[in-house]
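The primary structure of each chain is shown beneath.
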Amino acid sequence: MDNIKVNISQNDIDYISNKVKDYLSDRRYIHTLSVADEAQALGTIFIPERINELKVAALLHDVTKNLTDDAQLKYCNDFGIILDDYQICSPDVLHAITGADFAKRNFTGYVNDEIISAIRFHTTGHDRMTIFEAIIYLADYIEKTRKHDSCRMLRQYFYEHIEKASDKLEILYKTMIMSFDFTVRYLADNQKYIDSDTILARNWFIYLLNHSN
Ligand SMILES: [Fe+2]
């Protein structure tokens, strides 16, 4: 597998959409479809030539989320995925790790490296993440069925500013930084692990913001 653009047709998207339905609860399937819609909306602004790839990543991003924590750990054991001590204790990170592996094994021909990486890092972000990965991360955070205050605020901030922005990437960078701030604050307030990838992702967008002109 490499990062060469995979040619995804509407038929392919319909196939994946139907297939993931088998793996998800009704509630999570509705969320997944909404992430795909959001990824399309964000993709139209930033990388319109890659919307179908974005939809594939969005449709597959939570494909293993219905597995229990024990089943996630068993999956990692069965397929030789080595976890560090922090990942073992972070269910949100676990489903991203198993989801990326599952998508690679079960949807060969529909995915490339960037789609797999977008799934792998959709909960934490990572250092030097791409615009493609950022769109999947953000689509998952702000899609319309999300009702949490931070999701609403972020969604409102992004769409209020993007219309009139002369530099649309700047708005994306600022929105990403705000999302990481919300996440880090929540994790700190609740004495939960903060994944080092999240800190590096936040730094990366601050770097981009300061070097965007
Ligand atoms: Fe999700």
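Residues numbered from 1 in each chain as written. Predicted model: local features only at pLDDT ≥ 70, side-chain atom pairs only at ≥ 80, totals over all residues.

A word on the overall build of the protein chain. Helix and strand content of the protein chain: eleven helices and zero strands. N-terminal to C-terminal, the α/β element order of the protein chain is α-α-α-α-α-α-α-α-α-α-α. Dimensions along the principal axes, computed over C-alpha positions, put the protein chain at roughly 45 × 45 × 30 Å. Counting every position in the protein chain, which comprises 213 residues, the buried fraction comes to 37%. Partitioning the intrachain contacts of the protein chain with sequence separation of at least 6 by distance along the chain shows that 66% fall at a separation of at least 24. (Helix = DSSP H or I, 4+ residues; strand = E, 2+ residues; numbered from the N terminus. Buried ≥ 20, exposed ≤ 12 C-beta atoms within 10 Å, placed from the backbone. Contact = placed C-beta atoms within 7 Å.)

At a closest axis distance of 10 Å, the pairing of helix α1 (residues 10–21) and helix α3 (residues 51–60) adopts a crossing angle of 5°. It follows from the interaxial angle that α1 and α3 lie roughly parallel. Only N52, K55, V56, L59 and L60 of α3 make contact with α1, whose side of the interface consists of I13, I16, S17 and V20. Residues of the contact of α1 with α3, tallied by class, amount to six nonpolar, two polar and one charged. (Axes fitted to C-alpha atoms, helices over the stretch in contact; angles between N-to-C directions. Parallel < 35°, antiparallel > 145°, perpendicular 65-115°, else oblique. Nonpolar A, V, L, I, M, F, W, Y, C, P; charged D, E, K, R; others polar.)

On to the packing of helix α10 (residues 168–189) against helix α11 (residues 196–210), then. Two numbers describe how α10 lies on α11: the axes approach to 9 Å, and their chain directions differ by 150°. One element, α10, and the other, α11, form an angle in the roughly antiparallel class. Crossing of α10 over α11 shows left-handed handedness. Packed against α10, whose contacting residues are E170, Y173, K174, M176, I177, F180, T183 and V184, the element α11 presents T198, A201, R202, F205, I206, L208 and L209 at the interface. For the contact of α10 with α11, the class distribution of residues is ten nonpolar, two polar and three charged. (Left-handed = near helix turned anticlockwise from the far one by under 90°.)

A few words now on unusual backbone geometry. The phi angle at R128 is positive, at roughly 60°, despite the residue not being glycine. Mapping R128 onto the fold places it in the loop between α7 (113–120) and α8 (131–142). Under the C-beta neighbour-count criterion, R128 is labelled exposed, with 11 such atoms within 10 Å. Despite not being glycine, Q191 has its phi angle at roughly 50°, a positive value. Tracing the sequence through the fold places Q191 in the loop between α10 and α11. You can call Q191 exposed: it has 6 C-beta atoms within 10 Å.

It is worth spelling out the environment of L138 at this point. Considering the arrangement of structural elements, one finds L138 in helix α8. L138 gets classed as buried once you count the C-beta atoms within 10 Å, which come to 23. Put simply, L138 and G125 are 13 residues apart on the chain and 9.8 Å apart in space, counted from C-alpha to C-alpha. Not counting residues up to four positions away in its chain, the partners in contact with L138 are L42, T175, M176 and S179.

Its place among the elements puts S25 in the loop between α1 and α2 (26–46). In the structure, S25 is positioned 87 residues away from N112 in sequence and 26 Å away in space, judged by C-alpha atoms.

Another point: the environment of D197. Note that D197 resides in helix α11. Taking the C-alpha atoms as reference points, D197 and T123, 74 residues apart in sequence, are found 9.8 Å from one another. With residues near it in sequence (within four places) discarded, D197 still touches F121, T124, G125 and H126.

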